[in-house]
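Notes for the structure review
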Amino acid sequence: MNIHEKYIKRCIELAKNGLGNTYPNPLVGSVIVYQDKIIGEGWHKRAGEPHAEVNAINSVRNRNLLKKATIYVSLEPCSHFGKTPPCSDLIISSGIKNVVVGAIDPFVEVAGRGIKKMIEAGCNVTVGVLDEECQALNKRFFTFHNKKRPYIILKWAESADGYVSPVKKNIKEPVWLTNQYSRQLVHKWRSEEQAILVGTNTVLDDNPKLNTRDWKGLSPVRVVIDKNLKTYPDHCIWNGHVKTFIITDLSSEDKNLSDNIILQKVDFQKPVIHEICKILFQEGLQSIIIEGGSKTLQNFIDENLWDEIRKFKSKVVLNEGTPAPVTGATIISAEKILTDNLFYYYNND
């Protein structure tokens, strides 16, 4: 690992601290180095607040060193006015002459303009250090801007013999296949993604809240596929506590709906999964975790509209029930959470 890679890696580590809080902005980390020592560092903590470069520069005690220092940034410094001024302008005005960038920003308002501005101002700019790692850090941001859809994570738990649920249930609540630590991890994941989606049967069978309870963080926007509004009005998803999109083929004249409930009418004769992705993109949602039943998950798999699968394999045996989704993907990594096995898959297409 060369010297540039060493400090860009530190930028990536810092940037991860903002996961779940920076939407719609990307995760960005920055360090400032003088004579092979870090004299300042920072990351983007929350949308609307100062960017990583600002926090890094502000953390430097002796500002006179900036003219002799190098600033490292995991993603190209912005060049436009948003909720905050352009970071490329701040770098230039601070007198920093050496800039090392991990990846180019795919956002159309930046997309190389920040780099161009710094070069024209006389900065020495190095681009593409640990580029793949920096893009992986912002897989949600890059997928949203390059593919015009959210980053899609499929998540399910299945029994040791390959079922996601038993044949019949006596009560309207989830049948837990996984242990409490796996369930807590799922709530951590919810806090990191912008939206969560389930289908009609999951709501009817389990009446889920689809919020973040077992981990500190924001609850995701809820998305429910409910063609005929079978879930209305007795289920938790209609409580208005969290912004909720109901994907339906019907319209409702009910004036008592919460402002947080949006009935999104779509044509179910068209590929519904693609229509949902278009809606989510239009709403600016960069990521979604699919926690629906086997049918809903399989629809995303069959349409090849997924980026990542997180599958729990339980020690519980059901003997019969609803079969788990089928995917031809290869396991990339695995970990053990007490009695549960967690497998990760990535879509190379």
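Look up a bit, the structure's there.
Residues numbered from 1 in each chain as written. Predicted model: local features only at pLDDT ≥ 70, side-chain atom pairs only at ≥ 80, totals over all residues. Heavy atoms only, no water.

Across all of its chains, the model carries 16 salt bridges by this definition. In this structure, R140 engages E193 in a salt bridge whose closest nitrogen and oxygen atoms are separated by 2.8 Å. Taken together, the positions of R140 in helix α6 (residues 139-147) and E193 in the loop between α7 (180-192) and β8 (195-199) put the pair 53 residues apart, joining distant regions of the chain. R140 gets classed as buried once you look at its relative accessible area, which sits at 6%. The class for E193 is buried, based on a relative accessible area of 3%. Here R190 ties to E291 by a salt bridge, and the two come within 2.9 Å at their closest N and O atoms. Note that R190 is positioned in helix α7 and E291 in the loop between β12 (287-290) and α10 (294-302), a separation of 101 residues in sequence. Taken as a pair, R190 and E291 share a single burial class, namely buried. (Salt bridge = Lys/Arg side-chain N within 4 Å of Asp/Glu carboxyl O. Helix = DSSP H or I, 4+ residues; strand = E, 2+ residues; numbered from the N terminus. Buried < 20%, exposed > 50% of the residue type's maximum accessible area, 1.4 Å probe, protein only.)

What follows is about the sheet that holds β8. Overall, mixed pairing links the nine strands, which are arranged β11-β10-β9-β8-β12-β6-β13-β16-β15 in an open sheet. Because the sheet does not close on itself, it has two edges, and the strands there are β11 (261-265) and β15 (331-337). Each neighbouring strand pair of the sheet contributes to a mean axis angle of 20°, computed without reference to strand direction. The pairing of strand β6 (residues 151-158) with strand β13 (residues 308-313) spans six bridges and is classified as parallel. Paired with L154 across the two strands is I309, which belongs to β13. (Pairing = 2+ DSSP bridges. Axes fitted to C-alpha atoms, helices over the stretch in contact; angles between N-to-C directions.)

Relative to the helices and strands, Q286 is located in the loop between α9 (272-282) and β12. Here P24 takes part through its backbone oxygen, which lies 2.7 Å from a polar atom of the side chain of Q286. Leaving out residues up to four positions away in the same chain, Q286 has contacts with Y23, P24, R140, F141, F144, P150, Y151 and Q194. (Polar contact = N/O pair within 3.5 Å; in protein donor to acceptor, adjacent residues only side chain to side chain. Contact = heavy atoms within 4.5 Å.)

Its 13 residues give α7 an end-to-end C-alpha distance of 19 Å, which sits within 8% of 18 Å, the value for a rise of 1.5 Å per residue. Among the residues making up α7, those that are buried are S182, L185, V186, H187, W189, R190, S191 and E192. At the N-terminal end of α7, a side-chain oxygen is found 3.0 Å from the backbone nitrogen of Y181, two or three residues along, and the residue is N179. (Expected span 1.5 Å × (residues − 1).)

Overall, the coordinates contain five aromatic pairs when judged by the stated rule. Between F141 and F142, the aromatic rings sit 6.4 Å apart at their centres with planes inclined by 80°, giving edge-to-face as the arrangement. Each member of the pair F141 and F142 is classed as buried. Summarising the aromatic geometry, the rings of F144 and F281 are spaced 4.6 Å apart at their centres and angled 35° between planes, so their arrangement reads as tilted. With F144 in helix α6 and F281 in helix α9, this pair connects stretches of sequence that are 137 residues apart. A relative accessible area of 9% means that F144 is categorised as buried. The cationic tip of R310 hangs over the ring face of W189; the distance from NZ or CZ to the ring centre is 4.6 Å. (Phe/Tyr/Trp six-rings, centres within 6.5 Å; stacked < 30°, edge-to-face > 60°. Lys NZ or Arg CZ within 6 Å of the ring centre and 35° of its normal.)

What follows deals with the sheet that holds strand β2 (residues 37-43). Spatially, the five strands line up as an open sheet ordered β2-β1-β3-β4-β5, and their pairing is mixed. Both outer strands of the open sheet, β2 and β5 (124-127), are each paired with one neighbouring strand and no more. On average, adjacent strands in this sheet sit at an angle of 15° to one another, irrespective of strand direction. Pairing of strand β3 (residues 70-75) with strand β4 (residues 98-103), which is carried by five bridges, proceeds in the parallel orientation. In the sheet register, L75 faces β4, and the bridge partner there is A103. Packed on one face of the sheet, helix α1 (residues 3-15) meets β1 (29-34), β2, β3, β4 and β5 and runs near 140° to β1.

This next bit is on α1. Because an α-helix completes one turn every 3.6 residues, residues spaced three or four positions apart along the sequence face the same direction. The terminal C-alpha atoms of α1 lie 19 Å apart, and with 13 residues this matches the ideal 18 Å at 1.5 Å per residue to within 8%. Of all the positions in α1, only Y7, I8, C11, I12, L14 and A15 are classed as buried. Here the buried residues of α1 occupy an arc of 160° about the axis, which is enough to place them on one side. The secondary structure elements touched by the buried residues of α1 are β1, β2, β3, β4 and α5 (131-137). (Arc of directions from axis to C-beta.)

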